[in-house]
Amino acid sequence: MGPQPAVVVSEEVRAARADGLPVVALETSVVTGGRYPDNLETALAVDAAAREEGAVPARVAVIDGRFRVGVEDAELERLAAGPVDGKLSTRDLAHALHGGLTGGTTVSSSLIATVAAGVSVFAVAGIGGVHRGAETSFDVSTDLDQFTRSPVAVVCAGAKSLLDPGLTLEYLETVGVPVIGYRSDDFPGYYTRSTGHRVPHRLDRLEDVVGVMHRHWGLVAGSSVLVTHPIAEEWSLDADLLDRLVEEALAEARREGASGAGLTPFVLSAISKATDGRSGAVNRAVLLSTTRLAARLAVAEAEVLG
Ligand code: PSU
Ligand code: MN
């Protein structure tokens, strides 16, 4: 076996980090799992939003067996149009890299390349977490485990609705991952502004979030810091309706035998059908808003460190 290939960082991202300029890393499983061409349009709008706020977007993906940070628009189009070899989480990375495969990276695998590229801020709509019924299925997203190994600020609108938010918060407490509610006391539920659970800490100023990130990394642990940013009121879905849709989708998933890595895509697509595609528009709005906040956080960090 030859030398281990390094993460391939685009010239734009490399130059930005070398100059201490703001960069926001993004995953691509949302791109490869979406419907073409809407997924491409959303991804391009998200990248543009990061730039508008003053940060360089850095998409993570595996393309032809190369672990990439910062991809060209044509490559993004290839990921969006497919076909690809799948949704790649940490578990799947080495196999995909060795086999020359191509796929979208989840939060967990994306964080590995984010750290390797020297980027400290990441945006996603919803993280993985502890699934409903995990006490029997053992389905706990590898995202949570990866957080313990990757010093990155992960901006998100909470844990996806098919998860158990209370158990997800318990897990994060156990592994010592800070959860900061940005201008909110509630742990959001991606499609809803609150899950009914409170965040352990709330901060209202980005300079303070930067302060917490760097104290955590300097003194506490090399793990992630979650920053939660609830969906805007006008996009929020009714919590009870959503709960019913999720339970129905999970029951259907059980009947059809969808589980493991296939469960999340199955439930999201069922919710999309049940809401007449409204959840797709909500996904786009959430991702734009977390990306904008992440970009502003990266700008604040560059100012504090600069
Ligand atoms: N949010 C979505 N769709 C997704 C994901 C998040 O709307 O597909 C992805 C993220 O990449 C997250 C992953 O890291 O699902 C978690 O998958 P699992 O629950 O199988 O660990
Ligand atoms: Mn899982």
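Residues numbered from 1 in each chain as written. Chains lettered and ligands numbered in written order. Predicted model: local features only at pLDDT ≥ 70, side-chain atom pairs only at ≥ 80, totals over all residues.

Engineer: Sorry if this is basic, but what is going on with the overall build of the protein here?
Structural biologist: Secondary structure assignment for the protein yields 13 helices and eleven strands. Counting only C-alpha atoms, the protein reaches 50 × 45 × 35 Å along its principal axes. Going through the 306 residues of the protein one by one, you find that 48% of them count as buried. Long-range pairs, those at least 24 residues apart, make up 76% of the contacts in the protein with a sequence separation of at least 6. (Helix = DSSP H or I, 4+ residues; strand = E, 2+ residues; numbered from the N terminus. Buried ≥ 20, exposed ≤ 12 C-beta atoms within 10 Å, placed from the backbone. Contact = placed C-beta atoms within 7 Å.)

Engineer: Honestly, the pairing of strand E4 (residues 66-69) in this entry has me stumped. Any pointers?
Structural biologist: Relative to E4, strand E1 (residues 8-9) runs parallel, the two sharing two bridges. Among the inter-strand pairings, Val 8 is bridged to a residue of E4, identified as Arg 68. Summarising the sheet, strand E3 (residues 56-63) and E4 pair through four bridges and their orientation is antiparallel. When the sheet's bridge partners are listed, Ala 61 is paired in E4 with Arg 68. (Pairing = 2+ DSSP bridges.)

Engineer: Which parts of the structure should I look at to understand the environment of Ser 289?
Structural biologist: Turning to its location among the elements, Ser 289 is positioned in helix H13 (residues 278-305). The class for Ser 289 is buried, based on 20 C-beta atoms found within 10 Å. In contact with Ser 289, other than residues within four places in its own chain, are His 229, Ile 231 and Ala 232.

Engineer: Teacher, can you tell me more about the site of ligand 1 here?
Structural biologist: Residues in contact with ligand 1 amount to 20 residues; listed here are only the nearest, Ser 29, Thr 106, Val 107, Gly 128 and Ser 141. When residues of the shell around ligand 1 are traced back to their parent elements, those giving at least two are helix H2 (29-32), helix H6 (107-116), helix H8 (142-147) and helix H12 (263-274). By residue class, the composition of the shell around ligand 1 is six nonpolar, eleven polar and three charged. (Near = placed C-beta within 6 Å. Nonpolar A, V, L, I, M, F, W, Y, C, P; charged D, E, K, R; others polar.)

Engineer: Where do I start with the confidence of the model for the protein in this structure?
Structural biologist: Do not read the fine detail of predicted coordinates wherever pLDDT is low. For the protein, the average pLDDT comes to 95, and 99% of its residues sit at 70 or higher. No element of the protein has a lower mean pLDDT than H12, which averages 86, and none a higher one than strand E7 (residues 121-123), which averages 99. For this predicted complex, the interface confidence score (ipTM) comes to 0.94, while the overall pTM stands at 0.95. (pLDDT = per-residue confidence, 0-100.)

Engineer: How should the UniProt feature "binding site: Mn(2+)" (unreviewed entry) in the protein be read in this particular structure?
Structural biologist: Those residues carrying the UniProt feature "binding site: Mn(2+)" (unreviewed entry) are Asp 139 in this numbering. The residue Asp 139 is located in the loop between helix H7 (134-137) and H8 in this model. Not counting chain neighbours up to four residues away, the residues in contact with Asp 139 comprise His 131, Ala 134 and Leu 263. (UniProt positions renumbered as here; feature names shortened; annotations may be inferred.)

Engineer: Where do I start with the packing of helix H11 (residues 239-256) against H12 in this structure?
Structural biologist: Angle between the axes and distance between the axes: these two values describe a pair of packed helices. Two elements in contact, H11 and H12, have axes separated by 9 Å at closest approach and are oriented at 130 degrees. By the angle between their axes, H11 is oblique relative to H12. At the point where H11 passes H12, the crossing takes the right-handed sense. In this structure, H11 uses Leu 245, Val 246, Ala 249, Leu 250, Glu 252 and Ala 253 to contact H12, whose residues at the interface are Leu 263, Phe 266, Val 267, Ala 270, Ile 271 and Ala 274. Tallied by class, the residues present in the contact of H11 with H12 amount to eleven nonpolar, no polar and one charged. (Axes fitted to C-alpha atoms, helices over the stretch in contact; angles between N-to-C directions. Parallel < 35°, antiparallel > 145°, perpendicular 65-115°, else oblique. Left-handed = near helix turned anticlockwise from the far one by under 90°.)

Engineer: Can you help me understand the UniProt feature "active site" (unreviewed entry) in the protein in this one?
Structural biologist: The UniProt record marks Glu 27 and Lys 160 with the feature "active site" (unreviewed entry), using the residue numbering of this structure. Checked against the element boundaries, Glu 27 lands in the loop between strand E2 (23-26) and H2. For Glu 27, the contacting residues outside a window of four places in its chain are Val 60, Thr 105, Thr 106, Val 107, Ser 110 and Val 124. Tracing the backbone shows Lys 160 in the loop between strand E8 (153-156) and helix H9 (165-174). The class of Lys 160 is buried, set by 24 C-beta atoms lying within 10 Å.

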